[in-house]
Amino acid sequence: MTPNQPLSRDALKAQARRLRKALEAEGNFVSHSEALELLAHQMGYRDWNTLSAAAGNRPDTPLAVGGRVSGHYLGQAFEADILSLTALAGGASGWRVTLDLDQAVDVVTFDSFSAFRRRISATIGRNGRSPAHTSDGRPHLELALR
C-alpha cells in the first residue's frame, strides 16, 4: 500500500484533534499522541514520526475534510461541508472534492422541471475552480478560497 500524500503538519494535528473528539463522544478516550498515531495508521504510515516527516514543512492547503466552504455551483451560491478531499499530484494541480451542501441547488435551468442536488463531487484546480465549464464559459464549481 502506498501512503497517501499528507497535508501540512498543522492540518494533520487538527485532523487528529477532530478524531480524538469523535472518539471521546463515543466513550473512547485517547490521548492526543494516540490520536496522532491512529491518524498515521489510517493514512498508511508506520507511525506519527514517519507521517510528520512526509508532511515536511508544506504550507497549509486552504481545504480540509470537515471544513466549511462557500462558492458557486452551476452559477448558484452555496455553503457546504467538505466530505472528502483527494490531492491530485500531491496537491500541486488541485484536488478531487466532495461537498455536502447546506441547501440543495437546482442543476437544471429549464422552467418546466427541476433536479436538485445536495451532494456534489468535482475536480478543482489550485484556484478553487473546476476545469469543466458551462456553455457560457463559467466553471461548474467555484470555491471561495481564503
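Along each chain, numbering runs from 1 in the same order as the chain's sequence is written. Owing to the predicted nature of the model, reporting of local features is limited to residues with pLDDT of at least 70; listing and counting of side-chain atom pairs is limited to 80 or more, with chain, interface and lining totals taken over all residues. The side-chain quantities take in all heavy atoms of the structure and omit both hydrogens and water.

> Whenever I open this one, the overall build of the chain confuses me. Can you help?
Of the regular secondary structure elements, the chain holds three helices and five strands. In this description a helix means any DSSP run of H or I spanning at least four residues, a strand means any run of E spanning at least two, and both kinds are numbered starting from the N terminus. The linear arrangement of helices and strands in the chain, starting from the amino end, is α-α-α-β-β-β-β-β. When the 146 residues of the chain are sorted by exposure, 34% land in the buried category. Contacts between residues were defined by any pair of non-hydrogen atoms, one from each residue, lying within 4.5 Å. Sequence separation of 24 or more characterises 42% of the internal contacts of the chain that already satisfy a separation of 6 or more. Carbon and sulfur atoms form 49% of the exposed surface of the chain, whose accessible area is close to 8,700 Å². Type-normalised accessible area, obtained with a 1.4 Å probe on protein chains alone, sets the label of each residue: buried when under 20%, exposed when over 50%, and partly exposed for intermediate values. Throughout, the Shrake-Rupley method with a 1.4 Å probe supplies accessible areas, and for residues the shown protein chains are the sole cover considered.

> Would you mind showing me how to read the sheet that holds strand E5 (residues 141-143) here?
Strand-to-strand pairing in sheets goes through backbone hydrogen bonds, with the strands running parallel or antiparallel. One bridge is not enough; two strands pair if DSSP finds at least two bridges between them. If you trace the five strands from one edge of the open sheet to the other, you get E4-E3-E2-E1-E5, paired in antiparallel fashion. Every other strand in the sheet has two partners, leaving strand E4 (116-124) and E5 as the edge strands with one partner each. Averaged over all adjacent pairs, the angle separating strand axes in this sheet is 35°, with direction ignored. Examined bridge by bridge, strand E3 (residues 94-106) and E4 share eight bridges and lie antiparallel to one another. Residue pairing in the sheet places Val105 in a bridge with Arg117 of E4. Lines fitted to C-alpha atoms define the axes here, with helix axes fitted over just the stretch in contact, and angles between the N-to-C directions of these axes take values from 0 to 180 degrees.

> So what exactly am I meant to see when it comes to the side chain of Asp100 here?
Along the polypeptide, Asp100 turns up in strand E3. Charge assignment in this entry is limited to Lys and Arg as positive and Asp and Glu as negative, and neither His nor the chain termini are counted. In what follows, salt bridge is the name for a side-chain nitrogen of Lys or Arg lying within 4 Å of a carboxyl oxygen of Asp or Glu. Although Asp100 is buried, it makes no salt bridge; Arg118 carries the closest opposite charge, 4.1 Å away.

> Explain the pattern of salt bridges here, please?
Side chains that differ in charge, positive against negative, can pair when their charged atoms come close. Across all of its chains, the model carries seven salt bridges by this definition. Between Arg20 and Glu24 there is a salt bridge, with its nearest N and O atoms 3.3 Å apart. Taken together, the residues Arg20 and Glu24, both in helix H1 (residues 9-25) and four residues apart, mark about one turn of the helix. By relative accessible area, which is 30% here, Arg20 ends up partly exposed. Here Arg68 and Asp81 are joined by a salt bridge, their closest N and O atoms 2.9 Å apart. Placement of the pair is Arg68 in strand E1 (residues 68-73) and Asp81 in strand E2 (residues 76-88), with a sequence separation of 13 residues.

> When you look at H1 in this model, what are you seeing that I'm missing?
Since one α-helical turn is 3.6 residues long, residues separated by three or four positions face the same way. What a helix is expected to span follows from its residue count: subtract one and scale by 1.5 Å. The terminal C-alpha atoms of H1, which comprises 17 residues, lie 24 Å apart, in line with the 24 Å expected from a rise of 1.5 Å per residue. Looking at H1, one finds that the buried residues are Ala11, Leu12, Ala14, Ala16 and Leu23. Next to the buried residues of H1 lie helix H2 (32-42) and helix H3 (48-55). Taken from the residues just after H1, Gly27 is the one with a positive phi, measuring 90°.

> Explain the nonpolar core to me, please; I cannot follow it from the model alone.
The nonpolar side chains of soluble globular proteins are, as a tendency, buried together. Definition of nonpolar core: a set of buried residues of the types Ala, Val, Leu, Ile, Met, Phe, Trp, Tyr and Cys, connected through side-chain atoms within 4.5 Å. Counting residues in each nonpolar core, the largest one holds 17 residues, and the members touching the most others are Leu63, Val69, Phe78, Leu99, Leu141 and Leu143. Among the secondary structure elements, those contributing two or more residues to this core are E1, E2, E3, E4 and E5. By residue number, the principal contributor to this core is E3, which donates five residues. Apart from the residues within four sequence positions on either side, Phe78 is in contact with Val69, Ser70, Gly71, His72, Tyr73, Leu99, Leu101, Leu141, Glu142 and Leu143. Core analysis: the next-biggest nonpolar cluster, separate from the first, contains 13 residues, Leu36, Leu39, Leu51 and Ala55 among them.

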